[in-house]
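Below, each chain spelled out in residue letters.
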Amino acid sequence: MISTLLMICAAMAPAIMLAYIITRRDEGEPEPRKWLIISAASGIVAALLAVAAVMLTLPDFEVETFGGAIVDAFCRAAIPEECFKLLMLYLVAKCCESFNEVFDGIIYAVCVGMGFAGFENILYLMNAGDGWLYTGIMRALVSVPGHYFFGIIMGAFFSISWFDIRNRTLNAFLALVLPVMAHGIFDTLLMAAPVAEYGAPLIALAFLLFFRQLRRYAASLVDRRLALDRTVGKFNRRVSQEV
């Protein structure tokens with residue numbers, strides 16, 4: 001019983017930490033804790049829907065080649081997972097009255113992603129047997145940050161599509177396609193390294209470089225959306241003073 005609780009805590013801890021970090025970056029109106037929890041719970045729903053969709057529509061197969069890694073990464077992970085996460089984000093934004101700033105898209109998307117990642121972590125650690133601690137450490141360093149970055153990308157473009165009706169279609173498209181591409185490439189490199197005989201070191205290096213660039217891109221999106229909220233806030237204050 002104690003070991004199971006430790007396993008669940010180890011699975012959830014990195015997701016909770018990253019969700020906390022992104023909420024602390026919010027410079028505007030703090031988001032209601034209730035909606036942060038609802039967003040995380042909706043991420044668990046997204047995980048269940050993604051698992052069900054894959055099990056019902058796609059056959060299970062072993063990844064033995066680089067091409068197989070691409071198919072598995074996109075068809076069994078990136079596409080269904082990001083689609084259902086975006087659906088949950090849309091439902092949260094539609095129902096949450098506090099979704100009123102550009103940076104809110106990133107906060108709620110990350111919370112959805114962390115709910116997804118935490119639940120996924122529990123499943124992986126429960127299936128890891130005696131090696132659950134090693135699995136938990138590796139996923140805390142790699143997989144959970146991946147979902148964190150995908151959530152930032154999704155939320156950054158979703159929020160623009162939500163508030164800017166002029167470019168709504170383009171930004172809504174980017175809110176899905178960019179996370180799917182990032183997730184697909186991320187998983188492809190992870191899956192391909194074990195099956196590549198002589199190219200494994202190069203694939204591992206490519207993954208490290210991609211991880212670094214993904215982290216930098218996500219950080220730049222956070223800074224740009226915060227700057228946009230500052231600009232909008234200054235404009236609104238100026239208008240209210242003139243009125």
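Residues numbered from 1 in each chain as written. Predicted model: local features only at pLDDT ≥ 70, side-chain atom pairs only at ≥ 80, totals over all residues. Heavy atoms only, no water.

Enquirer: I tried to follow the overall build of the protein chain on my own but got confused; where do I start?
Expert: What the protein chain contains, in helices and strands, is eight helices and zero strands. Walking the protein chain from its N terminus toward its C terminus, one meets helices and strands in the order α-α-α-α-α-α-α-α. Taken over the C-alpha trace, the protein chain has a radius of gyration of 19 Å; the compact-globule value for 243 residues is 18 Å, and the two agree within 12%. Taken along the three principal axes of its C-alpha coordinates, the protein chain extends 70 × 40 × 35 Å. When each of the 243 residues of the protein chain is scored for burial, the buried share is 44%. The long-range fraction of contacts in the protein chain, counting pairs at least 24 apart against all pairs at least 6 apart in sequence, stands at 80%. Carbon and sulfur atoms form 68% of the exposed surface of the protein chain, whose accessible area is close to 13,200 Å². For the protein chain, the separation between the mean place of its 19 positive charges and that of its 21 negative charges on side chains is 10 Å. (Helix = DSSP H or I, 4+ residues; strand = E, 2+ residues; numbered from the N terminus. Rg over C-alpha atoms; globule rule 2.2 N^0.38 Å. Buried < 20%, exposed > 50% of the residue type's maximum accessible area, 1.4 Å probe, protein only. Contact = heavy atoms within 4.5 Å. Areas by Shrake-Rupley, 256 points an atom, 1.4 Å probe, with all protein chains shown as cover. Lys, Arg positive; Asp, Glu negative; His and termini not counted. Charge placed at Lys NZ, Arg CZ, Asp CG, Glu CD.)

Enquirer: Is there a simple way to think about helix 3 (residues 66–95) in this case?
Expert: The periodicity of an α-helix, 3.6 residues per turn, causes residues three or four places apart in sequence to face the same way. Along its 30 residues, helix 3 runs 42 Å from first to last C-alpha, staying within 8% of the 44 Å computed at 1.5 Å per residue. For helix 3, the principal kink sits at Phe74 and spans about 35 degrees. (Expected span 1.5 Å × (residues − 1). Bend = angle between axes of the 7 residues up to and from the residue.)

Enquirer: So what exactly am I meant to see when it comes to the pattern of salt bridges here?
Expert: Oppositely charged side chains can form a pair if their charged atoms are brought close together. Per the counting criterion, the structure on display carries six salt bridges. One salt bridge connects Arg76 with Asp72, and the closest N-O pair in it is separated by 3.3 Å. With Arg76 and Asp72 both in helix 3 and four residues apart, this pair spans about one turn of that helix. Owing to a relative accessible area of 22%, Arg76 belongs among the partly exposed residues under this scheme. Note on Asp72: relative accessible area 11%, which makes it buried. A salt bridge links Glu82 to Lys85, with the shortest nitrogen-to-oxygen separation between them at 3.0 Å. Of this pair, Glu82 and Lys85 both sit in helix 3, three residues apart, which is roughly one turn of the helix. Lys85 matches Glu82 in its accessibility class, with the two residues each being buried. (Salt bridge = Lys/Arg side-chain N within 4 Å of Asp/Glu carboxyl O.)

Enquirer: Which parts of the structure should I look at to understand the layout of surface pockets?
Expert: Rolling a probe over the atoms, with the probe sized like a water molecule, indicates the empty space that remains. Looking at the largest pocket, its volume works out to about 900 Å³. Lining the largest pocket are 29 residues, and of these Ala77, Glu81, Glu120, Tyr124 and Met191 lie nearest its centre. Those elements giving two or more residues to the lining of the largest pocket turn out to be helix 2 (33–57), helix 3, helix 4 (102–126), helix 5 (132–141), helix 6 (143–163) and helix 7 (168–195). Partitioned by chemical class, the residues of the lining of the largest pocket number 17 nonpolar, five polar and seven charged. In this structure, the second largest pocket encloses a volume near 510 Å³. Ala19, Tyr20, Thr23, Leu36 and Cys111 are the residues nearest the centre of the second largest pocket, which is lined by 21 residues in total. Among the elements of the structure, helix 1 (2–24), helix 2 and helix 4 are those that each provide at least two residues to the lining of the second largest pocket. Ranked by residues supplied to the lining of the second largest pocket, first place goes to helix 1 with seven residues. Of the residues belonging to the lining of the second largest pocket, the class tally is 13 nonpolar, three polar and five charged. (1 Å grid on protein atoms, 1.4 Å probe; cavity = no way out; pocket = protein on both sides within 12 Å on 5 of 7 lines; lining within 4 Å. Points joined across faces, edges and corners; volume = space filled by probe spheres on them. Nonpolar A, V, L, I, M, F, W, Y, C, P; charged D, E, K, R; others polar.)

Enquirer: Quick question: what am I supposed to make of the packing of aromatic side chains here?
Expert: The geometry of an aromatic ring pair is captured by two quantities: the separation of the ring centres and the angle between the planes. Applying the stated criterion to the full structure yields 12 aromatic pairs. Each ring, one from Phe149 and one from Phe211, has its centre 5.5 Å from the other, and the planes form 70 degrees; the classification is edge-to-face. Of this pair, Phe149 sits in helix 6 while Phe211 sits in helix 8 (residues 200–242), and the two are 62 residues apart along the sequence. Here the two residues Phe149 and Phe211 agree in accessibility, since each one is buried. Aromatic pair Phe186 and Phe211: ring centres 6.2 Å apart, planes at 40 degrees, arrangement tilted. Linking Phe186 in helix 7 with Phe211 in helix 8, this pair joins segments that are 25 residues apart in sequence. Phe211 shares its class with Phe186; the two are buried. (Phe/Tyr/Trp six-rings, centres within 6.5 Å; stacked < 30°, edge-to-face > 60°.)

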